[in-house]
Amino acid sequence: MYVTEFYCFWIVLFLSLWESSLGQVVYSVSEEVNKGSVIGNIAKDLKISAQELESHMFQIMPGSNAKYFDVNVKTGSLFVKDRIDREELCGNNQKCALNLEALAQNPHRLYRLEIIIVDVNDNAPFFPDSNHIVNVTEDANIGDRLPLPNAKDSDVGSNSLKDYKLSSNEYFSLDVHSGQKSLSAELVLQKALDREKQAVIHLILTAIDGGKPPKSGTLNILWEFINTVWFACTAFLLSQRRCFCTLQDKVY
Ligand SMILES: [Ca+2]
Ligand SMILES: [Ca+2]
Ligand SMILES: [Ca+2]
């Protein structure tokens, strides 16, 4: 049978059987389970015997989701036959459900199955870049805020990004904001900066998800001071195409 004829056969059969479909059976299975994992016993749930499954040539109908599941007609077990990656199938959608049709013949019966894919915490939060360099003058005021890059987490619900933590330091506190779809963080200056005392400040921002156990990702934040005189001279150079200054800190 040619491929097009094969699919036409199934489409016609599907349409003719739609009215005789027998409700829907709902299962759930965690993503990333091993191939061969049993989701449920379809014979028991459809209230038919395993022997009838075999004699009525019970089978999962072809379709985009059929590659993930199969039925053992000798036992009635509905099992996983390919890797199920919730993130690939459903992205950020909170609900992830795959629909299947199963067919028994002589007499023809169509069964609809819904398989809910349960998220597992298989992704750690991550930042787009692992390093973040901040250039700042030491004239920054206490209370000044600096937004930080947002972390992302491909999981959903409680397995997604839940909090940020900042490494212990004497200059900055962390202010975390919860939006509808994202969690962001800002550094807030708590103590006057002094380049002579500490030329470089290295902080680590950790993004943590709500999984059990939680996963995390880190961002290295490096503060580098811009000399205020050099900063002013650079501006002058750009506008006047000339600059006469020395690189002395805080000289006006
Ligand atoms: Ca996954
Ligand atoms: Ca996660
Ligand atoms: Ca996941």
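What you see is a predicted model, and the numbers here were worked out from it, not measured in a lab.

### Side note on the environment of Ser64
Phase 1: One can find Ser64 in the loop between strand 3 (59-60) and strand 4 (69-72).
Phase 2: Of the residues examined, Ser64 has 10 C-beta atoms within 10 Å and is grouped as exposed.
Phase 3: As a C-alpha pair, Ser64 and Leu100 span 36 residues in sequence and 8.8 Å in three-dimensional space.

### A few points about the pairing of strand 13 (residues 200-209)
Phase 1: Bridge count for strand 10 (residues 161-166) against strand 13 is five bridges, and the pairing is antiparallel. Directly across from Asp163, in strand 13, lies its bridge partner Ile208.
Phase 2: Bridge count between strand 13 and strand 14 (residues 216-225): nine bridges; the pairing is antiparallel. Its bridge partner being in strand 14, Ala207 is matched across the sheet by Gly217.
Phase 3: Linking two consecutive strands that pair antiparallel, namely strand 13 and strand 14, is a turn of six residues.

### A short note on the sheet that holds strand 13
Phase 1: Taken together, the four strands give an open sheet; going across it, the order is 8-14-13-10, and neighbouring strands pair in mixed fashion. Each edge of the sheet is formed by a strand with only one pairing partner; in this case those strands are strand 8 (131-136) and strand 10. If you compare each strand with its neighbour and ignore which way they point, the axes differ by 25° on average.

### What to know about the sheet that holds strand 9 (residues 145-147)
Phase 1: Pairing in this open sheet of three strands is antiparallel, and the strands run 9-12-11 from one edge to the other. In this open sheet, the two edge strands, each paired with only one partner strand, are strand 9 and strand 11 (172-178). Here the average twist between neighbouring strands, direction ignored, is 30°.
Phase 2: Pairing geometry for strand 11 and strand 12 (residues 183-189), over seven bridges, is antiparallel. Its bridge partner lying in strand 12, Phe172 is registered against Leu189.

Procedures and definitions
Residues numbered from 1 in each chain as written. Chains lettered and ligands numbered in written order. Predicted model: local features only at pLDDT ≥ 70, side-chain atom pairs only at ≥ 80, totals over all residues. Helix = DSSP H or I, 4+ residues; strand = E, 2+ residues; numbered from the N terminus. Buried ≥ 20, exposed ≤ 12 C-beta atoms within 10 Å, placed from the backbone. Pairing = 2+ DSSP bridges. Axes fitted to C-alpha atoms, helices over the stretch in contact; angles between N-to-C directions.

Just geometry here; none of it tells us what the structure is for.
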